[in-house]
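Chain and residue survey
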Amino acid sequence: VVNNNNLNISISFNESEKFYVERINVLGNQITLEEVIRNTLIVDEGDPLNEILFNKSINNLKAKGIFKSVKHTISDGSGPNLKTINLEVEEKATGEISLGAGVGTSGGSIGGGIKENNFLGKGIKLDSNIQMDENRLSGQFIYSKPNFNYTDNTLFTSFRSTSTDYIKDYGYKTNENSLSLGTTFEQYENLYFSPSLSTSFESLETTSIATDNLKKQKGDYFDAYFNYGLDYDMRNQRYQATDGSRTYFAQQLPIISENREIINTFEVTNYKTLVSDMVGKISFYSQTANSLTDDDVRISKRLYVPYKKLRGFQKGKVGPKDKESFVGGNYVSSLNMSATLPQILPSLQNTDFAFFIDMANVWGVDYDSSLDDKSTIRSSTGLSIDLLTVIGPLNFSFAETITKASSDKTESFRFNIGTSFWWK
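Computed from a predicted structure; not experimentally measured.

A closer look at the environment of G280
- Within the secondary structure layout, G280 lies in strand β14 (residues 279-291).
- G280 gets classed as buried once you look at its relative accessible area, which sits at 11%.
- A C-alpha to C-alpha distance of 42 Å links G280 and Y170, two positions 110 residues apart in sequence.
- Ignoring any residue separated from it by four or fewer positions in sequence, one finds G280 in contact with N270, Y271, K272, L274, S338 and A339.

Okay, structure coming up:
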């Protein structure tokens, strides 16, 4: 204190002792190639030992979903300021077989898939799945190769086939096959860029009972799109995040397309640790589909509320209707809130409970504004249960609708069962 009313402040910077990684030993991997593990590490041999980056590396390894446990020890190296890291991993079954079903007021749906997260021990991901109900059959296969050609880029390709048959009820049927090729890489710190190219072939058949708009869209279509996504990931950890946020934006831009639809997708999710080890999650999602030439958006490009965003309702059975057909909309939005409930049956291991509230809406009918349904908010609340058993993981969802339109189709119960296997 100088002259009673002034402060002299002195700041000193002292360099702390630095440690360097002399060697990293990887133990316990019998199937997984060592390069898969090392390529995930941010801190490598010869680098300064940064505790924050090293912990992030461990979380990235856990997030791969191919290890039952990841442990590490740090010991003194051969000289001063040198450290040796021992990484010990315990591998687990990386293949998954799943079966899911939903039961509602007007029928049910069933689906399943086979997924492999570590094909040939190279970290390659294979995912095939199929979904079926009385009017729709869709299947998809995805191949994803991380660190393609040692570029730190993920290369992915996918094939999808969808058949929708409403000939008897609404007078139309569509068949679509699409193929895409793209890559994902970290453009800036925590910001991931995912460009891709996709092509699709589609046929639309109609009968005399179809709506006038559908009859105008009858025919065969070839489309080519440039797609990209921006993923800004600020979660504290990718594996079971307890804090932070994740923001995602994507666009589908037409290269060759008769209707020239442009589709925008935006989603932001926040995580927060609450009392008693509860983890809260809130997510806002929105999507738009409009034609650049003011044409009507094709029936297959119209939007529906994503199945996971609105529990308690059947997939694709909410929103605007043309006669008896759910035609989707040009706009979709949802707000989802959930909280884990670790205090429920804490003695019951391998069981997770979560309370959720889902709210969503789909609206906008470009070819007939009288069909719009923007004033009705669909909402539901319920409990989800994840249970790990000897036959695989089980997921149950019990939902009760809060608000809905009289034409919506509800689904109070949904379950998913899966099992795992080794791929050698």
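Regarding a positive patch on the surface
- On the surface, K115, K125, R238 and K308 cluster together to form a positively charged patch.
- Within the secondary structure, K308 sits in the loop between β14 and β15 (321-322).
- Residue K308 is classed as exposed on the basis of its relative accessible area, which comes to 73%.

Quick word on the pairing of strand β18 (residues 351-363)
- Note that strand β17 (residues 331-340) and β18 share 10 bridges and pair antiparallel. Following the sheet pairing, N336 is matched in β18 by D358.
- The pairing of β18 with strand β19 (residues 378-389) spans 10 bridges and is antiparallel. From the neighbouring strand, F355 faces β19, where its bridge partner is L383.

Section: the side chain of S144
- Within the element layout of this structure, S144 appears in strand β7 (residues 136-145).
- Judged by relative accessible area, which is 16%, S144 ranks as buried.
- Filtering out sequence-adjacent residues up to four positions away, S144 remains in contact with G123, I124, K125, T154, L155 and F156.

So, unusual backbone geometry
- Phi at D152 is positive, roughly 65 degrees, even though this residue is not glycine.
- Among the structural elements, D152 can be located in the loop between β7 and β8 (154-166).
- Note on D152: relative accessible area 60%, which makes it exposed.
- Of note in the backbone geometry, S276 takes a positive phi value of approximately 55 degrees without being a glycine.
- Considering the arrangement of structural elements, one finds S276 in the loop between β13 (261-273) and β14.
- Judged by its relative accessible area of 53%, S276 is exposed.

Here we look at the sheet that holds strand β3 (residues 82-91)
- One open sheet holds the three strands; their spatial order is β1-β3-β2, and the pairing between them is mixed. Edge positions in the sheet fall to β1 (20-27) and β2 (67-76), since each of these pairs with one other strand and no more. Taken pair by pair, the neighbouring strands of this sheet meet at an average axis angle of 20 degrees, ignoring direction.
- Sheet topology note: the β2/β3 ladder contains nine bridges and is antiparallel. Bridge pairing in β3 places S69 opposite E90.

Regarding helix α2 (residues 51-63)
- Helix length check: α2, at 13 residues, gives a terminal C-alpha distance of 18 Å against a target of 18 Å (1.5 Å per residue), a fit within 8%.
- For α2, the N-terminal capping position is held by N50, with its side-chain oxygen 3.0 Å away from the main-chain nitrogen of I52.
- Trailing α2 by a residue or two, G65 shows a phi angle of about 75 degrees, which is positive.

Observations regarding the confidence of the model for the protein chain
- Across the protein chain, the average pLDDT comes to 87, with 95% of residues at 70 or higher.
- Mean pLDDT per element in the protein chain: strand β21 (residues 413-421) is the minimum at 69, and β13 is the maximum at 96.

Some words on the packing of aromatic side chains
- Evaluation of the coordinates by the stated rule reveals nine aromatic pairs.
- Pairing Y331 with W363 gives two aromatic rings, centres 5.7 Å apart and planes at 25 degrees, and the pair type is stacked. Separated by 32 residues along the polypeptide, Y331 in strand β17 and W363 in strand β18 bring together distant segments of the chain.
- Using a relative accessible area of 30% as the deciding quantity, one classes Y331 as partly exposed.
- With a relative accessible area of 25%, W363 lands in the partly exposed category.
- Members of the aromatic cluster, joined through ring pairs, are F185, F193, F226, Y228 and F249.

Examining a nonpolar patch on the surface
- Residues L197, F201, F222, F226, I255 and I256 make up a contiguous nonpolar surface patch of roughly 560 Å² in combined accessible area.
- Of all the elements in the fold, those that place two or more residues in the nonpolar patch are β10 (191-206), β11 (219-233) and β12 (244-256).
- In this structure, I255 sits in strand β12.
- The partly exposed category is assigned to I255, whose relative accessible area is 47%.

Thoughts on the pairing of β10
- Both strand β9 (residues 172-188) and β10 contribute to a ladder of 14 bridges, which runs antiparallel. Bridging across to β10, E186 finds its partner in Y192.
- Between β9 and β10, which follow one another and run antiparallel, lie two residues, and N190 among them has a positive phi close to 70 degrees.
- Of the pairings in the sheet, the one linking β10 to β11 comprises 14 bridges and is antiparallel in character. By the bridge assignment for β11, E202 is matched with Y221.

Some points on the pattern of salt bridges
- Across all of its chains, the model carries 14 salt bridges by this definition.
- The residue K301 makes a salt bridge to E176 at a minimum N-O spacing of 3.7 Å. With K301 in the loop between β14 and β15 and E176 in strand β9, this residue pair connects regions lying 125 residues apart in the sequence.
- Accessibility expressed as a relative area gives 10% for K301, which makes it buried.
- Judged by relative accessible area, which is 19%, E176 ranks as buried.
- In this structure, the salt-bridge partner of D358 is R311, at a minimum N-O distance of 2.9 Å. You can see D358 sitting in strand β18 and its partner R311 sitting in the loop between β14 and β15, a full 47 residues away along the chain.
- The class for D358 is buried, based on a relative accessible area of 0%.

Rules used throughout
Residues numbered from 1 in each chain as written. Predicted model: local features only at pLDDT ≥ 70, side-chain atom pairs only at ≥ 80, totals over all residues. Heavy atoms only, no water. Helix = DSSP H or I, 4+ residues; strand = E, 2+ residues; numbered from the N terminus. Buried < 20%, exposed > 50% of the residue type's maximum accessible area, 1.4 Å probe, protein only. Contact = heavy atoms within 4.5 Å. Patch = residues over 30% accessible without salt bridge, like charges linked within 9 Å, V, L, I, M, F, W, Y side chains within 5 Å. Areas by Shrake-Rupley, 256 points an atom, 1.4 Å probe, with all protein chains shown as cover. Salt bridge = Lys/Arg side-chain N within 4 Å of Asp/Glu carboxyl O. Lys, Arg positive; Asp, Glu negative; His and termini not counted. Charge placed at Lys NZ, Arg CZ, Asp CG, Glu CD. Pairing = 2+ DSSP bridges. Axes fitted to C-alpha atoms, helices over the stretch in contact; angles between N-to-C directions. Expected span 1.5 Å × (residues − 1). Polar contact = N/O pair within 3.5 Å; in protein donor to acceptor, adjacent residues only side chain to side chain. pLDDT = per-residue confidence, 0-100. Phe/Tyr/Trp six-rings, centres within 6.5 Å; stacked < 30°, edge-to-face > 60°.

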